[in-house]
Amino acid sequence: MADYDIPTLKEEIDRETVEQVLALDVDKYKYGFETEIESDVLPPGLTEETVRFISAKKEEPEWMLEWRLDAFRRFQTLEEPNWAKLHYPKIDLQAISFYAAPKSFNGPKSLDEVDPELLKTYAKLGIPLKEQAILAGVQGAAESVGTPFGANVAVDAVFDSVSVVTTFREELAKVGIIFCSISEAVREHPELVKKYLGSVVPVSDNYYATLNSAVFTDGSFVYIPKGVRCPMELSTYFRINEKNTGQFERTLIIADDDSYVSYLEGCTAPMRDENQLHAAVVELVALDNAEIKYSTVQNWYPGDKDGKGGIYNFVTKRGDCRGVNSHISWTQVETGSAITWKYPSCILRGDGSRGEFYSIAISNGYQQVDSGTKMIHLGKNTSSRIISKGIAAGFSDNTYRGQVSAHAKAKNARNFTQCDSLLIGDKCGAHTVPYIESRNGTAVFEHEATTSKISDDQMFYCLQRGLNEEEAVALIVNGFVRDVLQHLPMEFMVETQKLISISLEGSVG
Amino acid sequence: MTTPVLEIRNLHARIEEREILKGVNLVIPQGEVHAIMGRNGSGKSTLSYVLAGKEDYEVTEGEILLNGENILEMEPDERAAAGLFLAFQYPIEIPGVATMTFLKAAINAQRKARGEGELSTPDFMRAVKEAGAQLNVDSAMLKRPLNVGFSGGEKKRAEIMQMALLKPSLAVLDETDSGLDIDALQVVSKGVNALRDGKRSMLVITHYQRLLNHIVPDVVHVFSDGRIVESGDKDLALKLEAEGYANYGGEAA
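About the thresholds
- Residues numbered from 1 in each chain as written.
- Chains lettered and ligands numbered in written order.
- Predicted model: local features only at pLDDT ≥ 70, side-chain atom pairs only at ≥ 80, totals over all residues.
- Heavy atoms only, no water.
- Pairing = 2+ DSSP bridges.
- Helix = DSSP H or I, 4+ residues; strand = E, 2+ residues; numbered from the N terminus.
- Axes fitted to C-alpha atoms, helices over the stretch in contact; angles between N-to-C directions.
- Core = buried A, V, L, I, M, F, W, Y, C linked by side-chain atoms within 4.5 Å.
- Buried < 20%, exposed > 50% of the residue type's maximum accessible area, 1.4 Å probe, protein only.
- Contact = heavy atoms within 4.5 Å.
- Buried area = accessible area lost by both parts, 1.4 Å probe.
- Salt bridge = Lys/Arg side-chain N within 4 Å of Asp/Glu carboxyl O.
- Polar contact = N/O pair within 3.5 Å; in protein donor to acceptor, adjacent residues only side chain to side chain.
- Nonpolar A, V, L, I, M, F, W, Y, C, P; charged D, E, K, R; others polar.
- Patch = residues over 30% accessible without salt bridge, like charges linked within 9 Å, V, L, I, M, F, W, Y side chains within 5 Å.
- Areas by Shrake-Rupley, 256 points an atom, 1.4 Å probe, with all protein chains shown as cover.
- Lys, Arg positive; Asp, Glu negative; His and termini not counted.
- Charge placed at Lys NZ, Arg CZ, Asp CG, Glu CD.
- Expected span 1.5 Å × (residues − 1).
- UniProt positions renumbered as here; feature names shortened; annotations may be inferred.
- Disulfide = S-S within 2.5 Å.

### Description of the sheet that holds strand β6 (residues 84-87) of chain B
All names here are of chain B.
- Pairing in this open sheet of six strands is mixed, and the strands run β6-β7-β8-β3-β9-β10 from one edge to the other. The open sheet is flanked by β6 and β10 (227-232), the only strands paired with a single partner. Here the strands of the sheet are splayed against their neighbours by 20 degrees on average, with no regard to which way each runs.

Here it is as structure tokens:
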């Protein structure tokens with residue numbers, strides 16, 4: 001097998017980081033470094049006291065604590081679901097710490113007050129937090145183009161359990177956009193939080209969502225006022241650093257009438273031998289004629305080549321097209337995590353509303369992916385579109401699970417679903433599990449599915465032209481996912497193509 | 001004497017248990033175009049695959065030297081970077097990968113393997129434009145996924161265009177005339193002839209003499225039952241066309 005060449009893939013990454021990653025000599029995961037920073041870590045375990053501790057740490061009002069405690073009580077009556085095609089040992093919640101924050105942290109602050117260690121960490125990850133420099137037009141600050149987070153992106157940086165900084169807030173505030181950590185929103189904008197939190201994903205929606213509702217620590221809050229088109233991409237970058245902790249973030253995005261926002265989410269974690277739990281909840285609300293584009297590049301540590309370690313990613317993401325002609329579009333690139341359990345969904349409640357789901361899910365090594373979407377058609381003339389591309393390599397298992405339903409009033413509901421799976425090698429599996437329910441005779445649902453393998457002839461042809469095996473696989477896979485790549489913001493597209501190559505290294509030869 | 005571009009010595013190869021090449025000997029000096037003619041099933045295409053290193057074939061005996069270097073232990077991509085190009089009889093479809101993207105990936109992969117820097121985008125575009133004009137390949141075709149939905153003529157033109165851009169020292173053309181009408185054949189032949197520069201060598205594998213009216217070979221070899229049984233100048237091809245392969249024995253196709 002060919003040597004891999006990280007510098008050409010991401011020249012801008014610190015040499016130091018590359019060396020650290022290479023020194024670990026296991027995988028190609030380049031974000032596996034750990035930041036040495038003193039942290040406040042809550043001892044492992046989950047009790048009512050844990051919930052009270054988190055709420056107190058966040059200086060939350062009473063109503064928020066009650067909300068959490070209600071969730072906690074419900075959680076105690078729930079059982080872990082086991083319907084997904086995933087295999088893993090039972091997760092011991094009593095062994096996990098539910099809160100970790102850098103010691104230097106006491107609330108989000110301006111950039112010059114942020115711990116330099118943290119700034120360094122984000123620089124290594126390719127996330128520029130140097131907004132002032134960019135605004136002042138200083139050359140060099142914008143050098144990190146080629147990373148998904150280019151110059152004109154506002155970033156909320158979440159490190160373990162806390163949001164450490166949110167950039168471009170003042171710029172955004174000028175047009176009335178609220179972009180801050182959810183903890184701040186609870187304190188500063190209680191009327192919005194009270195109105196919308198849990199209105200898309202109810203507290204008792206499912207085991208992980210209920211757990212999240214009780215113990216969520218941080219995440220992002222976005223409110224786009226009526227008639228405003230958000231002038232820049234908003235993004236949150238999640239980083240798990242501390243050992244034996246879980247990350248339970250909560251994101252809430254509200255697009256008021258006639259508004260538009262494009263939001264990006266990125267995630268990484270250090271390489272560790274133990275599995276770590278990440279159970280997030282994301283709620284989107286689109287009111288009349290509003291549009292939300294939500295893109296994710298999920299690159300949590302996937303575990304080593306023998307399947308040791310990696311993030312357990314149990315995420316509930318749901319968008320509510322609450323207003324007429326509203327539009328929510330999910331685009332996801334899933335390359336990391338040992339286990340992915342994730343179904344970003346749309347409730348098409350408003351008449352004429354539109355939901356879209358574009359997904360690339362890549363599994364290699366011993367990764368397990370059970371992911372897909374739900375399109376729930378409630379309103380008249382609602383339409384949805386699902387394009388899912390699953391790529392399985394190594395010993396991995398990759399399942400698409402999707403539900404499309406039309407309720408009795410969903411006259412003229414339309415759905416088009418296309419699920420394509422690509423297998424690399426003969427030790428992996430791809431599965432497609434569609435659930436289609438229609439209670440309205442005028443609904444038209446289409447479902448297409450294909451499964452293919454990279455043929456020996458394709459490989460030989462590419463090799464004959466001079467591509468090595470890994471380059472050939474990366475090229476063929478990039479061709480396979482092209483329909484979906486086109487829906488990503490430009491900066492993400494380039495990065496994703498590289499990420500696909502990295503994720504598939506070691507899948508052949 | 002300069003080193004021949006290609007030297008094949010007593011080459012034996014088999015697929016599964018069946019021996020297909022049974023002692024091939026062939027020397028192609030620099031700048032020469034050699035043709036191999038033979039009936040279907042005589043092992044001509046196998047020879048091209050074995051040269052390019054397709055893994056289904058096992059070489060049991062003999063040597064292949066490319067510019068003096070034994071390439072039998074090399075992977076197909078290493079052979080490509082060393083200067084060997086195979087124009088496929090049936091070019092393979094690569095869905096979703098624009099022809100332009102593929103060309104760039106191939107050129108840069110070979111450059112990287114040879115320790116050269118990536119071609120700059122303006123240099124690449126210039127080279128593509130030049131090669132494209134010669135072969136009637138327009139920018140619309142370059143945007144389409146490689147070989148997907150291409151006509152027979154388009155596929156072969158795309159093959160020769162890759163050859164023009166990759167600048168191999170040895171080009172093996174496997175039945176490049178198959179599936180081409182007379183107009184397409186002329187375009188492709190013109191493209192191939194433009195690449196005859198006195199240094200580059202070619203091995204043209206064909207079933208019919210027709211192609212050799214357009215790409216005139218220096219030497220013609222007759223292939224039968226896994227080996228070369230006769231060699232001569234271009235008149236040998238005319239003789240074959242008139243008399244058929246019956247005189248050369250071997251199994252009938």
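What follows picks up the thread again.
### Here we look at the nonpolar core
- I391 and V477 of chain A together with L47 of chain B are the most contacted members of the largest nonpolar core, which has 67 residues in total.
- No other element matches the six residues that helix α12 (residues 469-480) of chain A contributes to this core.
- Among residues more than four places away in sequence, those in contact with V477 of chain A are I391, L422, I424, I454, I500 and L504 of chain A.
- Counting residues in each nonpolar core, the second largest holds 51 residues, with A185, Y208, F248 and Y343 of chain A among its members.

### Side note on the interface of chain A and chain B
- Contacts between the two partners involve 18 residues from chain A, matched on the other side by 32 residues from chain B.
- With both chains or domains summed, chain A and chain B bury close to 2,100 Å², and 64% of this area falls on carbon and sulfur atoms.
- Of all residues in chain A, F460, Y461 and R465 of chain A bury the most surface against chain B, accounting for 36% of the area lost on that side.
- Between the two partners, chain A and chain B, sit three salt bridges.
- Here K112 of chain B ties to E471 of chain A by a salt bridge, and the two come within 3.2 Å at their closest N and O atoms.
- If you look at where chain A meets chain B, you find twelve residue pairs in polar contact (both at pLDDT 80 or more).
- Going through the elements one at a time, α11 (456-464) and α12 of chain A are the ones with two or more residues in the side of chain A that touches chain B.
- No other element matches α11 of chain A, which puts seven residues into the side of chain A that touches chain B.
- A class-by-class count of the residues in the side of chain A that touches chain B yields eight nonpolar, five polar and five charged.

### Observations concerning the pairing of strand β8 (residues 250-255) of chain A
Residue and element names in this part refer to chain A.
- Counting buried positions along β8 yields six of six residues, so the element is predominantly enclosed.
- The alternating pattern of β8 places R250, L252 and I254 and T251, I253 and A255 on opposite faces, both of which are buried.
- When strand β6 (residues 220-224) meets β8, the two strands line up parallel, connected through four bridges. What sits directly across from F221, in β8, is L252.
- Where β8 lies against strand β11 (residues 281-286), six bridges are found, and the strand directions are parallel.

### Comments concerning a negative patch on the surface
- Taken together, the side chains of D456 of chain A together with E55, E75 and E78 of chain B make up a negatively charged region of the molecular surface.
- By the secondary structure assignment, E75 of chain B is in the loop between β5 (69-70) and α2 (76-81).
- For E75 of chain B, a relative accessible area of 43% translates into the label partly exposed.

### Section: unusual backbone geometry
All names here are of chain B.
- Positive phi values are uncommon outside glycine, yet N10 reaches one of about 45 degrees.
- Residue classification places N10 among the partly exposed positions, given a relative accessible area of 30%.
- Residue K167 is not a glycine yet carries a positive backbone phi of 50 degrees.
- Tracing the sequence through the fold places K167 in the loop between α6 (152-166) and β7 (170-174).

### Examining α6 of chain B
Residues and elements named next belong to chain B.
- For α6, with 15 residues, the first-to-last C-alpha span of 21 Å sits near the 21 Å given by 1.5 Å per residue.
- Of all 15 residues in α6, 14 are buried; the element is thus mostly enclosed.
- Just downstream of α6 lies K167, where phi reads positive at about 50 degrees.

### So, the pairing of strand β13 (residues 310-321) of chain A
Residue and element names in this part refer to chain A.
- Of all the twelve residues making up β13, twelve are buried; the element is thus mostly covered by neighbouring parts of the structure.
- Across four bridges, the pairing between strand β10 (residues 275-278) and β13 is parallel. When the bridges of β13 are listed, L277 appears paired with Y312.
- The pairing of β11 with β13 spans six bridges and is parallel. Pairing of V282 across the sheet is with K317, part of β13.
- Here four bridges tie β13 to strand β15 (residues 339-342), and the two strands are oriented parallel to one another. Counterpart to Y312 in the pairing with β15 is I339.
- When β13 meets strand β16 (residues 345-348), the two strands line up parallel, connected through four bridges. Its bridge partner being in β16, C321 is matched across the sheet by L348.

### Concerning the UniProt feature "domain: SUF system FeS cluster assembly SufBD N-terminal" (unreviewed entry) in chain A
- UniProt records the feature "domain: SUF system FeS cluster assembly SufBD N-terminal" (unreviewed entry) for residues 173-230 of chain A in the present numbering.
- Structurally, residues 173-230 of chain A comprises 43% helix and 16% strand, and the distance from its first C-alpha atom to its last is 11 Å.

### A few points about the pattern of salt bridges
- For the structure on display, the rule yields 31 salt bridges over all chains.
- Residues R74 of chain A and D70 of chain A are paired through a salt bridge, measuring 3.2 Å at the closest nitrogen-oxygen approach. Of this pair, R74 of chain A and D70 of chain A are both found in helix α4 (residues 62-75), four residues apart, which corresponds to roughly one turn of the helix.
- Residue classification places R74 of chain A among the partly exposed residues on the basis of a relative accessible area of 37%.
- One salt bridge in this structure joins E7 of chain B and R9 of chain B, with 3.2 Å as the shortest N-O distance.
- Judged by relative accessible area, which is 36%, R9 of chain B ranks as partly exposed.
- Through salt bridges that share partners, D320, R322 and R349 of chain A make up one connected network.

### Some details on the sheet that holds strand β4 (residues 57-66) of chain B
All names here are of chain B.
- Taken in spatial order, the four strands of this open sheet run β2-β1-β4-β5, and their pairing is antiparallel. A single partner strand is all that each edge strand has here, and the edge strands are β2 (18-28) and β5.
- Where β4 meets β5, two bridges bridge the pair, whose relative direction is antiparallel. When the sheet's bridge partners are listed, L65 is paired in β5 with N70.

### Notes on the environment of M493 of chain A
All names here are of chain A.
- Position of M493 relative to the elements: it lies in helix α14 (residues 490-503).
- Classification of M493 as partly exposed rests on a relative accessible area of 23%.
- With near-sequence residues (within four places) excluded, M493 lies in contact with L485, Q486 and L488.

### Some details on the state of the cysteines
All names here are of chain A.
- Tallying each qualifying case throughout the model produces zero disulfides over all chains.
- In this structure C180 is a free cysteine whose sulfur lies 13 Å from that of C230, the closest cysteine sulfur available.
- Accessibility expressed as a relative area gives 3% for C180, which makes it buried.
- C428 takes part in no disulfide bond, and the closest cysteine sulfur, belonging to C419, lies 17 Å away.

### Points about the side chain of S353 of chain A
All names here are of chain A.
- In this structure, S353 sits in the loop between β16 and β17 (354-363).
- On the accessibility criterion, S353 (0% relative accessible area) is buried.
- Within the local environment of S353, its side chain forms a polar contact with the backbone oxygen of G350, the two atoms lying 2.8 Å apart.
- The residues touching S353, leaving out its near neighbours within four places in the chain, are C321, G323, N325, S326, L348, N381, T382 and S383.

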